[in-house]
There are 2 protein chains.
Amino acid sequence: MPDSQASVDHQVPDEDPNVHHAWDNTLEPILTVKSGDVVRFDCRDATGGQLGPDATVTDVSAIDPELVHALTGPIAIEGAEPGDVLTVEILELEHEGWGYTIVPPGPLKLGLLFEAFDKPAIHVWEIEDGVCHFVDGIEVPLAPFPGVVGVAPAENGVFDTLSPRATGGNVDIKHLTAGSTISLPIAVENALFSIGDCHAAQGDGEVSGTGIEAPMSVTCRFELEPDRTIERPHLETDGPFTPTGRDERMIAVTGVESDLYDAAEAATCGLIDRLVDEYDLTREQAYILCSAIADLKINQVVHAPNSVVSAYLSTSIFPE
Amino acid sequence: MPDSQASVDHQVPDEDPNVHHAWDNTLEPILTVKSGDVVRFDCRDATGGQLGPDATVTDVSAIDPELVHALTGPIAIEGAEPGDVLTVEILELEHEGWGYTIVPPGPLKLGLLFEAFDKPAIHVWEIEDGVCHFVDGIEVPLAPFPGVVGVAPAENGVFDTLSPRATGGNVDIKHLTAGSTISLPIAVENALFSIGDCHAAQGDGEVSGTGIEAPMSVTCRFELEPDRTIERPHLETDGPFTPTGRDERMIAVTGVESDLYDAAEAATCGLIDRLVDEYDLTREQAYILCSAIADLKINQVVHAPNSVVSAYLSTSIFPE
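Note that this is a predicted model, so its numbers are computed, not measured.

Some points on the nonpolar core
So, step 1. Phe193, Phe222 and Leu289 of chain A together with Phe193 and Phe222 of chain B are the most contacted members of the largest nonpolar core, which totals 161 residues.
So, step 2. Ignoring anything within four residues of it in the chain, the contact list for Phe193 of chain B reads Phe41, Thr72, Gly73, Pro74, Ile75, Leu86, Val88, Val149, Gly150, Val151, Leu184 and Phe222 of chain B.

What to know about unusual backbone geometry
Residue and element names in this part refer to chain B.
So, step 1. Cis peptide bonds are those with omega within 30 degrees of zero, and the linkage from Asp16 to Pro17 qualifies with 5°.
So, step 2. Take Pro17: it is sitting in the loop between β1 (10-12) and β2 (19-20).
So, step 3. The linkage connecting Val68 with the following residue, His69, adopts the cis geometry, with an omega of -15°.
So, step 4. Note on placement: His69 falls in the loop between α1 (57-61) and β5 (71-77).

Concerning helix α2 (residues 260-279) of chain B
All names here are of chain B.
So, step 1. An ideal rise of 1.5 Å per residue puts 28 Å on 20 residues; α2 measures up with 27 Å between its terminal C-alpha atoms.
So, step 2. The N-cap residue of α2 is Asp259: its side-chain oxygen and the backbone nitrogen of Tyr261 are 2.8 Å apart.
So, step 3. Looking one or two places after α2, you find Asp280, whose phi comes out positive at around 60°.

Observations concerning the pattern of salt bridges
So, step 1. The tally for this structure, following the rule as stated, stands at 28 salt bridges over all chains.
So, step 2. A salt bridge links Glu278 of chain A to Arg274 of chain A, with the nearest nitrogen and oxygen atoms 3.0 Å apart. Taken together, the residues span about one helical turn, with Glu278 of chain A and Arg274 of chain A both in helix α2 (residues 260-279) at a distance of 4 residues.
So, step 3. Residue class for Glu278 of chain A comes out partly exposed when judged on its relative accessible area of 41%.
So, step 4. Judged by relative accessible area, which is 2%, Arg274 of chain A ranks as buried.
So, step 5. Close ionic contact of Arg40 of chain B with Glu94 of chain B constitutes a salt bridge, the shortest N to O distance being 2.8 Å. Pair noted here: Arg40 of chain B is in strand β4 (residues 38-43) and Glu94 of chain B is in strand β6 (residues 85-95), with a separation of 54 residues, a long-range link.
So, step 6. Members of the salt-bridge network, linked through shared partners, are Glu236 and Asp238 of chain A together with Arg249, Arg274 and Glu278 of chain B.

A short note on helix α3 (residues 283-293) of chain A
One turn of an α-helix holds 3.6 residues; hence residues three or four places apart share an orientation.
Residues and elements named next belong to chain A.
So, step 1. Most of α3 is tucked away, with 8 of its 11 residues classed as buried.
So, step 2. Within α3, the full set of buried residues consists of Ala286, Tyr287, Ile288, Leu289, Cys290, Ser291, Ala292 and Ile293.
So, step 3. Looking at the buried positions of α3, the neighbouring elements they touch are β7 (98-103), β8 (121-128), β10 (139-141), α2, β18 (295-300) and β19 (307-314).

So, how was this worked out
- Numbering of residues begins from 1 in every chain and follows the order in which that chain's sequence is written.
- Key to labels: chains lettered from A, ligands numbered from 1, both in the order written.
- Only residues with pLDDT of at least 70 are given local features in this predicted model, and only at 80 or more are side-chain atom pairs given and counted; all residues enter the totals for whole chains, interfaces and linings.
- To obtain the side-chain values, all non-hydrogen atoms of the structure were included, while hydrogens and water were left out.
- As used in this record, nonpolar core signifies buried Ala, Val, Leu, Ile, Met, Phe, Trp, Tyr and Cys residues forming a set joined through side-chain atoms within 4.5 Å.
- When accessible area is computed with a 1.4 Å probe and restricted to protein chains, residues below 20% of their type maximum are described as buried, those above 50% as exposed, and intermediate ones as partly exposed.
- The contact criterion used is simple: two residues touch if any of their non-hydrogen atoms lie within 4.5 Å.
- Helical segments are the DSSP runs of H or I of at least four residues, strand segments are the runs of E of at least two, and each set is numbered from the N terminus.
- How far a helix is expected to stretch is found by multiplying one less than its residue total by 1.5 Å.
- Under this definition, polar contacts are N or O atom pairs within 3.5 Å; protein pairs additionally need one hydrogen-donor-capable and one acceptor-capable atom, and for neighbouring residues in sequence, both atoms have to be side-chain atoms.
- Every case where a carboxyl oxygen of Asp or Glu lies within 4 Å of a side-chain nitrogen of Lys or Arg is listed as a salt bridge.

Have a look at this one:
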């Protein structure tokens with residue numbers, strides 16, 4: 001269970017040199033902690049401060065991808081050895097009252113539908129009282145989590161943070177809310193853990209390439225497990241598994257295609273069409289809303305040549 | 001909302017010639033109904049009666065794939081034209097107290113992990129009081145739905161029912177529970193709707209290739225929508241979106257791979273390993289349990305080269 005009253009052993013502000021932009025197992029740790037320690041990390045937004053609460057589409061066009069992500073860390077876990085497991089318990093996340101979701105500029109080729117959406121767009125969300133405000137009275141429930149949690153890779157070199165790996169990174173698992181744990185396979189001495197890219201909410205799939213991106217502070221407890229072995233991340237989580245944490249009416253569109261990626265694309269396109277037709281949103285608004293809250297579920301993946309993916313959206317987000 | 005008290009206009013028993021085994025737009029309809037009519041279909045299990053409540057692994061090895069699926073239908077919808085939409089509301093499902101999940105025989109190459117699991121296995125579930133009984137006191141909540149709902153394809157020919165298509169078919173969408181609707185694009189005159197392959201429960205992904213397969217009766221209301229156009233199935237559903245219909249602790253394993261299919265495979269393998277290690281199941285039991293209840297979620301699909309799929313399992317199914 002979440003323990004937001006845990007005493008914090010270490011506080012890490014998001015100031016240089018505590019922020020880095022690539023996975024690199026030769027980075028010097030900014031701090032060394034013991035198993036059991038609680039650390040509070042301040043995290044910049046994914047762009048490292050390039051987009052603020054007044055950001056416009058012009059700012060989106062000017063994003064320097066070299067500064068994405070801004071990660072806080074790395075921190076060393078005392079005694080960690082390759083082959084050990086680092087279990088990170090997410091205790092608390094604190095936002096600053098705002099976040100944004102973008103349609104990325106075409107040249108970045110970011111997002112499931114980047115070919116269809118080549119003009120940038122942005123929605124800046126006001127976050128208050130547990131909800132993120134969209135247009136027309138639509139409200140997305142706040143469900144914050146860190147998009148990037150990872151330890152340094154075994155491979156030597158400087159690696160982009162955008163794509164995740166077995167040691168974690170940009171996994172964008174929206175269920176890593178307070179009270180959840182993620183266990184990561186440690187690949188290098190001292191583990192070298194970093195965190196960032198916090199989201200106020202996100203749909204499974206993160207279809208536009210961004211959730212509700214927001215600067216946040218994240219408090220975590222670290223546990224080193226030298227007697228455990230895993231090949232890939234393991235999770236424990238209480239969700240929420242629906243936007244409001246309870247079963248309620250969802251609309252969905254089903255993609256039936258020979259490739260799961262194509263099925264995900266078809267399902268998302270179909271849901272965007274539905275939002276435009278039935279809820280009077282623009283295509284860009286619909287894409288942004290899907291990225292912030294629509295869930296891609298694999299209905300079945302066992303009857304070739306075709307697989308089935310559906311995109312689900314809770315209807316309780318719309319005003320009555 | 002479900003309306004199990006709806007008066008049934010037509011009753012279709014699952015006797016020849018009401019059962020067919022392929023999609024074929026030249027099949028003669030067994031019945032013609034009007035928009036608004038309620039029809040109760042008796043449906044054989046997916047194998048068409050080859051596996052009964054006393055089935056053993058020997059019976060699984062002897063399955064004749066030509067008899068899969070056994071679908072009840074087709075029925076004609078009066079006045080339906082290509083381009084119209086058929087909306088099917090699922091009103092009620094009634095099981096017969098048992099179902100089965102199999103690891104298919106290797107030669108069938110059926111299931112996400114068919115290469116790793118080439119020896120057949122079966123679990124016959126007793127279903128009572130809203131739960132399906134597994135081994136060691138493990139209980140999977142009953143959440144019945146039809147795995148196959150579809151209208152005849154536009155293409156002339158005789159098509160296997162195993163793989164789904166845009167007109168529906170073996171979509172295996174576990175959220176098609178009572179109270180849900182699925183809208184299908186009609187491709188031929190009179191629509192020619194068929195249904196079958198009912199499941200008492202299933203995980204998103206249906207990883208072993210079978211849910212909890214069971215003979216059932218399904219009651220549906222049909223609505224013809226000539227003024228609507230869709231390219232692929234549309235859904236409305238109240239879920240359940242978790243096995244018990246409420247948020248609670250789940251364990252999960254995360255696959256990070258360059259292809260969504262490989263990520264789904266890695267996540268499923270990892271969850272099976274966890275069930276064997278932490279819950280003392282055999283590998284075959286773990287695979288069967290995952291197929292019956294574990295959910296594959298696409299965490300993110302937008303940061304190439306790698307995508308992220310996790311396999312989730314509710315821990316409330318285990319005895320305390």
